[in-house]
Amino acid sequence: MTIKNVCCLGAGYVGGPTCSVIAYKCPNIKVTVADLSKERIAQWNSEKLPIYEPGLDKIVKECRGKNLFFSSDVQRAILDAELIFISVNTPTKNIGNGKGRAADLKYVEGAARLIAEVAKSDKIVVEKSTVPVKAADSIMKILRANQKQGISYQILSNPEFLAEGTAINDLLNADRVLIGGEETPEGQAAIEALCGIYENWIPKSKILTTNTWSSELSKLAANAMLAQRISSINSLSAVCEATGADISEVAKAIGCDTRIGAKFLQASIGFGGSCFQKDILNLVYICECLNLPEVAQYWQQVIDMNDFQKTRFTSKVIQSLFNTVSGKKICILGFAFKKNTGDTRESPAIHVANTLLDEGACIHIYDPKVEESQIFEDLSHRQNIFVYQDAYSATQGCHAIVICTEWDEFMILDFNKIYEGMMKPSYIFDGRKILDHEALIQIGFQVQTIGRKLEREFVPRSWSTLE
Ligand SMILES: NC(=O)c1ccc[n+]([C@@H]2O[C@H](COP(=O)([O-])OP(=O)(O)OC[C@H]3O[C@@H](n4cnc5c(N)ncnc54)[C@H](O)[C@@H]3O)[C@@H](O)[C@H]2O)c1
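Here is what the cut-offs are and how they apply
Along each chain, numbering runs from 1 in the same order as the chain's sequence is written. Totals for whole chains, interfaces and linings use every residue, but because this is a predicted model, local features are given only for residues with pLDDT of at least 70 and side-chain atom pairs only at 80 or more, for both listing and counting. Hydrogens and waters are ignored; side-chain quantities use all the structure's heavy atoms. Salt bridges are identified by distance alone: a Lys or Arg side-chain nitrogen within 4 Å of an Asp or Glu carboxyl oxygen. Think of it in three bands: residues with accessible area under 20% of the maximum for their type are buried, residues over 50% are exposed, and the middle band is partly exposed, with areas taken using a 1.4 Å probe on protein chains only. In this description a helix means any DSSP run of H or I spanning at least four residues, a strand means any run of E spanning at least two, and both kinds are numbered starting from the N terminus. At least two bridges found by DSSP between two strands are what make those strands a pair. Consider the strands pointing away from the viewer: the crossover is right-handed when the path from the first strand over the helix to the second runs clockwise. Throughout the structure description, domain borders are defined by an automatic or database domain assignment. In this description, contact between two residues means that some pair of their heavy atoms is separated by no more than 4.5 Å. Buried area is understood as the total, over both parts, of accessible area removed when two parts are fitted together, assessed with a 1.4 Å probe. Any pair of nitrogen or oxygen atoms within 3.5 Å is treated as a polar contact; in protein, a donor-acceptor pairing is required on top of that, and neighbouring residues in sequence qualify only through side-chain atoms on both sides.

K.L.:
Go over the pattern of salt bridges with me, naming the residues and quoting the values.
P.N.:
A side chain with one charge may pair with a side chain of the opposite charge, provided their charged atoms come close. The full count for this structure, using the stated rule, is 21 salt bridges. Of the charged contacts in the structure, one is a salt bridge between Lys106 and Asp104, with a shortest N-O distance of 3.9 Å. In this structure Asp104 comes out as buried when scored by relative accessible area, which is 14%. Note that Asp408 is salt-bridged to Lys339, the shortest N-O span being 2.9 Å. Of this pair, Asp408 sits in the loop between strand E12 (400-403) and helix H16 (415-421) while Lys339 sits in the loop between strand E9 (329-333) and helix H13 (348-358), and the two are 69 residues apart along the sequence.

Printed below as a string of structure tokens:
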């Protein structure tokens, strides 16, 4: 079966980039990305796309209106498509059973019910959202219970492994594409049809096919293992700060071991983003439901360590500023959860800002890609927050700078100029380990970072009287 018409329900961080790349690489396939949010669709059809992702603008501009369409007519998109991706959000449940841990599948269920209601021909339904193991079962039950005569459905699991900030490159040069389906002849035919799409640019050897449940679990497992590496290196960063070891040196030394590998060993203020925490919580919940409490506790520790790291870093900021930030101006550089994205979901900067605001500080914020309205929303429109359009005005008159995101542009700032404009002593807390700390100390800054005790510990002359 050759697919000619694809639709994707959900025009978010996954649906938008994934389908743009499919359209780009498969000029013979018509791709429609549909979303219930008219506002989001209008943005996708405008000059300013709703998400920032390097390389995305170019691809959308090249394909939009040719074989790539963004539409809020979800029904029409479903009717026309032979294959439908479900890329809707699966947030952590905030009410009821499993609150705070289980994945909320209401949007996935909503999408499945909509397909069942609208479809007038056979459909391959592809679960691209990250879901608990056996979610495909629920989708299948909904579709088959509402099946109209003569229509058949196949459900596939095809989790997305892209990382925000590098999504286009990840999609174009995927390490692997994973497709899970039923072992029946119909299931295998559906898998073949989806493989046919990816084979337009992904080598066959990188397309893995498995049973549905392995595919669903692999996505949760991949995120859990990635986040575990961050929590592991972050736990060691605390040991480094206490002993004089340097976490960069430790990471390099252990990363040279091919069994460990060098990637994802960058100590930091902690991980953020919409996926890691949500997916591990989901895994923890699944393990508890499967009566595997030891496994649940094991993965819970990855999140606990991340919370510890964020709190540890923020406490260090407050302690260094003579244990009080009340009335002080503190500049947060970077608000996105990582560089090259405007996404702030679960960003560590939110934790830092809220804690400093709780302590009475006045917060100046600059991020190259996050909208001002998003920052105010994330910080619940609290008082004493000022958002700036560049790092120089944001740092002016501040007592301290806290680096929360590793944006490249922060590395080439003129810190001599910044130092001139700041209150003295001037502090920098580098939560991403991206700055030249020795050079900053030379300028006169008091510098603190993650996983490394810096040589010059500043003790103000009046410190004993302040104590
Ligand atoms: N963001 C990532 O980096 C990433 C990476 C891999 C996997 N995932 C997973 O992919 C899924 C989507 O994530 P996201 O970040 O793109 O979410 P998102 O919140 O950015 O986008 C989801 C979109 O789905 C729309 N939607 C909800 N119900 C709908 C329906 N019935 N019909 C049409 N549209 C509907 C929403 O309006 C929203 O625009 C999640 O399960 C997530 O865990 C995300």
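K.L.:
Residue-level account of the pairing of strand E7 (residues 177-181), with values.
P.N.:
With five of five residues buried, E7 is to be regarded as a mostly interior element. Here E7 shows no split at all, with Val177, Ile179 and Gly181 on one side and Leu178 and Gly180 on the other all buried. Sheet analysis places E7 next to strand E8 (residues 207-211), joined by five bridges and oriented parallel. Bridge pairing in E8 links Ile179 to Thr209. In the classification by handedness, the crossover that spans E7, the intervening helix H8 (residues 185-198) and the parallel E8 is right-handed.

K.L.:
Tell me about the domain arrangement of the protein, residues and numbers included.
P.N.:
If you check the domain split of the protein, you get domain 1 (5-202) and domain 2 (211-467). Taking only C-alpha atoms, the centre of domain 1 and the centre of domain 2 are 33 Å apart. Domain 1 puts 38 residues into the contact, and the matching count from domain 2 is 28 residues. Where domain 1 abuts domain 2, roughly 2600 Å² becomes buried across the two surfaces, and 55% of that area is made up of carbon and sulfur atoms. Taken as a group, Tyr52, Arg101 and Glu164 account for 26% of the area that domain 1 buries against domain 2, more than any other trio of residues on that side. Inspection of the domain 1/domain 2 interface yields three salt bridges. Between Glu164 and Arg345 there is a salt bridge, with the nearest N and O atoms lying 3.5 Å from each other. Summed over the shared surface of domain 1 and domain 2, the result is 13 residue pairs in polar contact (both at pLDDT 80 or more).

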